[in-house]
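Results of the structural survey
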Amino acid sequence: MHREWSPFVVSAPGKLILFGEHAVVYGKAAIAGSLDMRAYALVTPRADNKARMVLPDIDVDVLFDSHTLPLLQSTSLSHPSEVEALVPDSINIPEGPGRTAVLTFVYLYGCIFAERDRNTGFTICVRSLLPVGAGLGSSAAFNVALSATLLQLTGQLREEGAGAGDRKLINQWAFHGEQVAHGTPSGIDNSVATYGGFLKYVRGEPSVNLESSHALRVLITNTNVPKSTKALVAGVRALRDQHPSVVDGVLDSIHSISISAAALFQSVGEDEAYLERRMQDIIRINHGLLSTLGVSHRSLERVREITAARDLASKLTGAGGGGCALTLIPGGMAGDDVEVVVREMESEGFCCYQTVVGGGGVAIARSVDGRATVEQWLAEAIARHGGSPANGGDDAYGAAVAGFVTLPAAAISELKPQ
C-alpha cells in the first residue's frame, strides 16, 4: 500500500580509533570515538515506486526497479558478500567504489524491504563530509545511514532511531552492510556510527558504551600516503611469530593504555587540565609502542615532529603505514595557534580536519533546528547557494535532490543534529 510521507534526513558520524590499533586483532581492548564529521542522507518520496540511490562523492546515480530487486533473508546467503550472484542482469554494477555501494544497497534493500513494502518509491542522496579511504569510517557511516533509512521507510523503527531497540536493529543491519563491503569487519566502525560517543571494543564481545561526558578536541591529519591494512596486519603477525614474548608484551601494554583511557573517559569530577595531561601522556606512549611494531611511517613521524615542537601529543590512528594521525588540541589552545599548525601540515602536502570526538550517533530528522521542515530548509539553502537547479523530470523532488547535490559542505553541515 502506498502511503504519504515527507522528506527527511538521516545522518551518521565517522569514527576515530583512539587507542588499541593492532592489539585489537589479538583480543585486546580498543577505544574508538564518534567524529563531528558525518554522512548525510536526504530521503525523498517518489510516485513511480522505484528506488534511486545518488552518491555524488563517488559519481553514483542508480535507479532500481523495486520489483526486480531480489527478495532476501539474512539466511539467504552463507555470507552477505555473496550478494553479487543474486543481482539481476538488468542492474548495472559500476566499477570502483560505487560497486560496493550498489551491492550493499541491493543486499540491504532485499533483506529489509518485504514484498508489501515495495510500493514505497524513494530517492536516497548521500553527501558525506568524511574523506573516503582515510580510515575515518566513511563506509560505516554510509551503511548506518542506509540501514536507518530502509528501516524507517518500512516502519520497523519505533522511535525514529532514537531508542535502544531501534539502534540495536540499525547496528545489526549496518554490520551486514559492512560485511558486503569488507568481508570480515570488526563491527567497531558501525557501532560507533550508530551509538556515537566513546566505545570500548574487544573482538568477540559486545561493544561497551563508555557514556563519557568528556569530548575531545582533535586535529586529524591525513598524510595522503596510501596504506594497505592487510599488509600492515600481516607484518605485525610476522614480527610476533619471530618474537612472540616481546611482541605480546607490547600488545599487553597497548591493552593497558586502552583500559586507562576508558577509565579517564568515565571519570567524574576530575580537573579537565589533569585529564588532558594524562591523555597526552598515553597518546605519546601508544604511538611509541605502535612504532616498535613497525606500523608507523616517515609521514606520521613528521606529523609528530611538527606537533611536538608545540608541546602537542600525536599518534597514528588506524592501521598506520601512512593514512591519518590524530593530535589532541588542549582546551585552552587558541584557534589562531591551531591554524599555524595546520598551515605547516599543509606545506608538507597533508590535509587537516579540526573536529570533536565523542558526539552523537545516528539521527533521523524531519526538521532543521526544530523550525523549518527539511523540505523548507532545502529550498532556502539552494536559494542561498546558487539559485534554481534543473527540472527534476517525472520525480516531484528531483529538482530538490539535484540542488542538494550542489550544496557546499558548509550548508550540508547545517543539518548536524543539535
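Anything mentioned here points back to the structure above.
Heads up: these notes are all about the structure in this document. Values in this document were obtained by computation on a predicted structure and should not be read as measured data. (Residues numbered from 1 in each chain as written. Predicted model: local features only at pLDDT ≥ 70, side-chain atom pairs only at ≥ 80, totals over all residues. Heavy atoms only, no water.)

Further remarks concern the packing of aromatic side chains. A full pass over the atoms with the stated rule returns eight aromatic pairs. Measuring from centroid to centroid gives 4.1 Å for Phe-198 and Phe-265, while their planes differ by 20 degrees, and the two rings are stacked. With Phe-198 in strand 6 (residues 198–201) and Phe-265 in helix 6 (residues 244–266), this pair connects stretches of sequence that are 67 residues apart. Each member of the pair Phe-198 and Phe-265 is classed as buried. Through a chain of ring-to-ring contacts, the aromatic side chains of Phe-64, Phe-105, Tyr-109, Phe-113 and Phe-122 assemble into a single cluster. (Phe/Tyr/Trp six-rings, centres within 6.5 Å; stacked < 30°, edge-to-face > 60°. Helix = DSSP H or I, 4+ residues; strand = E, 2+ residues; numbered from the N terminus. Buried < 20%, exposed > 50% of the residue type's maximum accessible area, 1.4 Å probe, protein only.)

A few words on helix 8 (residues 298–308). Considered for burial, the residues of helix 8 that qualify are Ser-299, Leu-300, Val-303, Ile-306 and Thr-307. Projected down its long axis, helix 8 carries its buried residues within an arc of 120 degrees, all on one side. Set apart from the buried face of helix 8 by more than 90 degrees, the exposed residues are Arg-298 and Ala-308. Buried residues in helix 8 make contact with strand 8 (216–222), strand 9 (314–317), strand 10 (324–328) and helix 9 (335–347). (Arc of directions from axis to C-beta. Contact = heavy atoms within 4.5 Å.)

The next thing to look at is the pattern of salt bridges. For the coordinates displayed, the defined rule picks out 17 salt bridges. Ionic pairing is found between Asp-61 and Arg-52, a salt bridge with its closest N-O pair at 2.7 Å. In this structure Arg-52 comes out as buried when scored by relative accessible area, which is 18%. The partner of Glu-301 in a salt bridge is Arg-304, and the shortest N-O contact between them spans 3.4 Å. Taken as a pair, Glu-301 and Arg-304 lie in helix 8 at a separation of three residues, close to a single helical turn. Taking the relative accessible area as the measure of exposure, Arg-304 reaches 26% and is therefore partly exposed. Connected through shared salt-bridge partners, Arg-302, Glu-305, Arg-310, Glu-344 and Glu-348 make up one network. (Salt bridge = Lys/Arg side-chain N within 4 Å of Asp/Glu carboxyl O.)

The next thing to look at is a negative patch on the surface. Together, Asp-336, Asp-337, Glu-339 and Glu-346 make up a region of like negative charge exposed at the surface. Assignment of secondary structure puts Asp-337 in helix 9. A residue is classified by how much of its surface remains accessible, and Asp-337, at 42% relative accessible area, is partly exposed. (Patch = residues over 30% accessible without salt bridge, like charges linked within 9 Å, V, L, I, M, F, W, Y side chains within 5 Å. Areas by Shrake-Rupley, 256 points an atom, 1.4 Å probe, with all protein chains shown as cover. Lys, Arg positive; Asp, Glu negative; His and termini not counted. Charge placed at Lys NZ, Arg CZ, Asp CG, Glu CD.)

Further remarks concern the packing of helix 1 (residues 97–112) against helix 2 (residues 138–153). Any two packed helices are characterised by how steeply their axes cross, that is the angle between the axes, and by the distance between the axes. Following both chains from N to C, one finds helix 1 and helix 2 inclined at 30 degrees, their axes separated by 10 Å at the closest point. With respect to helix 2, the axis of helix 1 lies roughly parallel. Along this stretch, helix 1 crosses helix 2, giving a crossing that reads as right-handed. For the pair helix 1 and helix 2, the contacting residues are Ala-101, Thr-104, Phe-105, Leu-108, Tyr-109 and Ile-112 in the first and Phe-142, Asn-143, Leu-146, Ser-147, Leu-150 and Leu-151 in the second. For the contact of helix 1 with helix 2, the class distribution of residues is nine nonpolar, three polar and no charged. (Axes fitted to C-alpha atoms, helices over the stretch in contact; angles between N-to-C directions. Parallel < 35°, antiparallel > 145°, perpendicular 65-115°, else oblique. Left-handed = near helix turned anticlockwise from the far one by under 90°. Nonpolar A, V, L, I, M, F, W, Y, C, P; charged D, E, K, R; others polar.)

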